[in-house]
Amino acid sequence: MMPVAPRRWITALMLAGLAGSAAAQDTFMLSSSVMVDGGTLPADLKCTRDGGDGLTPPLAWSGTPVDTQGLALIMHHYPKGTVEGVDAPSQYWLLWNIPVDTVELPRGNPASIGDEGGDKDQRRTGYTPPCSPPGAQHEYVITLYALSSALDDLPAHDDLQVDWSSMTRAMEGKIIASSSIAFLN
């Protein structure tokens, strides 16, 4: 498995082509009260098969650029046999239309902030908790994007048809800044 930092740089370079101005990149910061970048997913957030409740982790952010017109979030993982930057990853959470004045998503996103795309298996909308095979450890990345405009190419409601490809296409040229947390499960 590739170490956390280099994989994050590859993802950052891959998405740099989607970005517009990168102003305020250094101040936009995504964090979680229950995990650190490069750490492991807490047991209570794992999938139900592994004894967790399968809820989204609590997230918070600061330093949103002043010209931000929209926020979006993607959680993904590159399965064995896929190549980052070439293949689309497995999507675990696609979230857009997050109000610009939002600074956190509580555990489980109980207020259902934003609109959600298809889950990992394209069976329902929403979050898919990580559920790595026994004995395996995979890296997952959650990235928050500050956007220069709303994602008008995506529907203004949850939609099963929205996947990694359609969401990243909708963000092309609109990314002002991004911040990520990587974790292992």
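Data block above holds the structure.
Report follows, based on the coordinates.

Thresholds, definitions, all that
Residue indices begin from 1 for each chain and proceed along its sequence in written order. Local features in a predicted model are, by the rule used here, given only for residues with pLDDT of at least 70; side-chain atom pairs are given and counted only at 80 or more, and totals for whole chains, interfaces and linings are based on all residues. Heavy atoms from the whole structure form the basis of all side-chain values; hydrogens and water molecules are not counted. Helix and strand labels come from DSSP, where a helix needs a run of H or I of at least four residues and a strand needs a run of E of at least two; each type is numbered from the N terminus. Partly exposed describes any residue whose relative accessible area lies between the buried limit of under 20% and the exposed limit of over 50%, with all areas from a 1.4 Å probe on protein chains only and scaled to the type maximum. The contact criterion used is simple: two residues touch if any of their non-hydrogen atoms lie within 4.5 Å. To define a nonpolar core, start from buried Ala, Val, Leu, Ile, Met, Phe, Trp, Tyr and Cys residues and group those joined through side-chain atoms within 4.5 Å. The definition of a polar contact used here is a pair of N or O atoms within 3.5 Å, where within protein one atom must be able to donate a hydrogen and the other to accept one, and adjacent residues in sequence count solely through side-chain atom pairs. Side-chain rings of Phe, Tyr and Trp, where Trp is taken by its six-membered ring, are said to pair if the distance between their centres is within 6.5 Å; with planes under 30 degrees apart they count as stacked, over 60 as edge-to-face, and otherwise as tilted. Strand pairing is assigned whenever DSSP identifies at least 2 bridges connecting the two strands.

1. What about the overall build of the chain?
Then step 1. Counting its secondary structure elements, the chain contains two helices and nine strands.
Then step 2. Listing every helix and strand of the chain by position from the N terminus yields α-β-β-β-β-β-β-β-β-α-β.
Then step 3. Within the chain, buried positions represent 49% of all 185 residues.
Then step 4. When contacts within the chain are restricted to residue pairs at least 6 apart in sequence, long-range pairs at least 24 apart make up 76% of them.

2. Description of the environment of serine 112
Then step 1. With respect to the secondary-structure elements, serine 112 resides in the loop between strand E6 (104-105) and strand E7 (115-116).
Then step 2. Owing to a relative accessible area of 44%, serine 112 belongs among the partly exposed residues under this scheme.
Then step 3. When the C-alpha atoms of serine 112 and leucine 95 are compared, they prove to be 10.0 Å apart, with 17 residues separating the residues in sequence.

3. So, the nonpolar core
Then step 1. Trp61 and Leu73 are the most contacted members of the largest nonpolar core, which totals 25 residues.
Then step 2. Of all the secondary structure elements, the ones that give two or more residues to this core are strand E3 (59-62), strand E4 (70-77), strand E5 (90-98), strand E8 (139-147) and strand E9 (175-184).
Then step 3. Not counting chain neighbours up to four residues away, the residues in contact with tryptophan 61 comprise Phe28, Met29, Leu30, Leu71, Ile98, Thr102, Val103, Glu104, Leu105 and Leu144.
Then step 4. Of all hydrophobic cores here, the second largest spans 15 residues; its members include Leu94, Leu151, Val162 and Trp164.

4. Considering the environment of lysine 174
Then step 1. By the element assignment, lysine 174 lies in the loop between helix H2 (164-171) and E9.
Then step 2. Its relative accessible area of 17% is what places lysine 174 among the buried residues.
Then step 3. For the pair lysine 174 and glycine 70, spaced 104 residues apart in sequence, the C-alpha separation works out to 9.3 Å.

5. Notes on the side chain of aspartate 119
Then step 1. Considering the arrangement of structural elements, one finds aspartate 119 in the loop between E7 and E8.
Then step 2. A relative accessible area of 6% places aspartate 119 in the buried class.
Then step 3. Of note is the side chain of aspartate 119, whose polar atom sits 2.8 Å from the backbone nitrogen of glutamine 122.
Then step 4. If sequence neighbours within four positions are ignored, aspartate 119 has contacts with Gln91, Arg124, Thr125, Gly126 and Thr128.

6. Notes on the packing of aromatic side chains
Then step 1. For the structure on display, the rule yields three aromatic pairs.
Then step 2. When the centroid spacing of 5.4 Å and the interplanar angle of 80 degrees are considered together, the rings of tryptophan 93 and tyrosine 127 count as edge-to-face. In this pair, tryptophan 93 sits in strand E5 while tyrosine 127 sits in the loop between E7 and E8, placing the two residues 34 residues apart along the sequence.
Then step 3. By relative accessible area, tryptophan 93 is classed as buried at 0%.
Then step 4. Tyrosine 127 sits in the buried class, given a relative accessible area of 7%.
Then step 5. Ring geometry for tyrosine 140 and phenylalanine 183: centres 5.5 Å apart, planes at 15 degrees, overall stacked.

7. Re H2
Then step 1. The buried fraction of H2 is high, at six of eight residues.
Then step 2. For H2, the set of buried residues is Trp164, Ser166, Met167, Thr168, Ala170 and Met171.
Then step 3. Phi turns positive one or two residues past the end of H2, at glycine 173, with a value near 75 degrees.

8. Structural notes on the environment of serine 90
Then step 1. With respect to the secondary-structure elements, serine 90 resides in strand E5.
Then step 2. Linking serine 90 and lysine 120, residues 30 residues apart in sequence, is a C-alpha distance of 5.9 Å.
Then step 3. With residues near it in sequence (within four places) discarded, serine 90 still touches Met75, His76, His77, Pro79 and Lys120.

9. Quick look at the pairing of E8
Then step 1. For E8, the buried fraction is high: nine of the nine residues fall into the buried class.
Then step 2. Across the two faces of E8 the burial is the same, with Glu139, Val141, Thr143, Tyr145 and Leu147 and Tyr140, Ile142, Leu144 and Ala146 all buried.
Then step 3. Relative to E8, E4 runs antiparallel, the two being bridged by seven bridges. Paired with histidine 76 across the strands is valine 141, a residue of E8.
Then step 4. Strand direction decides the pairing type here: E8 and E9, joined by nine bridges, are antiparallel. Across the sheet, residue tyrosine 145 finds its bridge partner in E9, namely serine 178.

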